[in-house]
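Architecture and fold: a report
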Amino acid sequence: MMTLDEIRNALDTRQHKPARFKASSRQASVAMILCGEKSDLEVCFIRRAERAGDPWSGQVAFPGGKADHDDEDAHSVAERETHEEVGLKLNASHRVGPLPTRQVATRNLVLSPFIYHVGANEKATAFVREPDEVAHVFWVPMRHLFTPSSATELEYPTIGSGMTYPGIRYKEDVIWGLTLSVLESFAQIMRRELAA
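The present account deals with the structure reproduced in this document. The structure displayed is predicted, hence computed values, not measured ones.

1. What to know about the overall build of the protein chain
A count of helices and strands for the protein chain gives five helices and eleven strands. A compact globule built from 196 residues would reach a C-alpha radius of gyration of about 16 Å, and the protein chain, at 16 Å, matches this within 12%. Projecting the C-alpha coordinates of the protein chain onto the three principal axes gives extents of approximately 45 × 40 × 35 Å. Across the protein chain, the mean location of the 23 positive side-chain charges is 4 Å away from that of the 27 negative side-chain charges.

2. Observations concerning the pairing of strand β11 (residues 173-176)
Of the two faces of β11, both are covered, the one formed by D173 and I175 as well as the one formed by V174 and W176. Of the pairings in the sheet, the one linking strand β10 (residues 164-170) to β11 comprises four bridges and is antiparallel in character. Residue Y170 lies in a different strand from β11, and its bridge partner there is D173. In this structure, the hairpin formed by β10 and β11 is closed by a connection of two residues, where K171 is found at a positive phi of approximately 55°.

3. What to know about the sheet that holds β11
Strands sit in the order β9-β10-β11 across an open sheet of three strands; the sheet is antiparallel. One side of each edge strand has no neighbouring strand; the edge strands of this open sheet are β9 (151-155) and β11. Within this sheet the neighbouring strands show an average axis-to-axis angle of 50°, counted without direction. Bridging between β9 and β10 involves five bridges; their strand directions are antiparallel.

The rules behind these values
Residues numbered from 1 in each chain as written. Predicted model: local features only at pLDDT ≥ 70, side-chain atom pairs only at ≥ 80, totals over all residues. Heavy atoms only, no water. Helix = DSSP H or I, 4+ residues; strand = E, 2+ residues; numbered from the N terminus. Rg over C-alpha atoms; globule rule 2.2 N^0.38 Å. Lys, Arg positive; Asp, Glu negative; His and termini not counted. Charge placed at Lys NZ, Arg CZ, Asp CG, Glu CD. Buried < 20%, exposed > 50% of the residue type's maximum accessible area, 1.4 Å probe, protein only. Pairing = 2+ DSSP bridges. Axes fitted to C-alpha atoms, helices over the stretch in contact; angles between N-to-C directions.

Written out as structure tokens, the structure is:
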């Protein structure tokens, strides 16, 4: 599939200008957390709790969220939110590199995604720390995200609405929407074809 070294090298060779950071509700960051060695990597996802007023209620996502006024930079947001949501303590030693920032026009915010790598011992500490925000945390083999048979379609927001979206199915969960968009930018950098 692909190794951690390949991912680091691909991210190092591209020009990346992070979004200008000013801690506010218009800035958000997520952590695409990898675990594993050599070419047997896994990716951490959460399924968000179902909550009224949450535009991503019940959806699969990467750990992360909006900036607080105390956050120093976009990395700090991803690392704080990851610890709050799933208990993983990320820091500079876990950083692999940034993915392209993106405007989320429907929410008027800038999203900064980052890739991290943790060891097996750290992976084992991941758990749902904030059940009001996170329904569950799970790990998906990287190769699954690039296997064509993993592709699916999702009707959203309701059955019969006529709106379908591409996705990647893993057991009972479907990765789609903004999270799939982040994965697509990763796949483009790695010159691989995502399943969806």
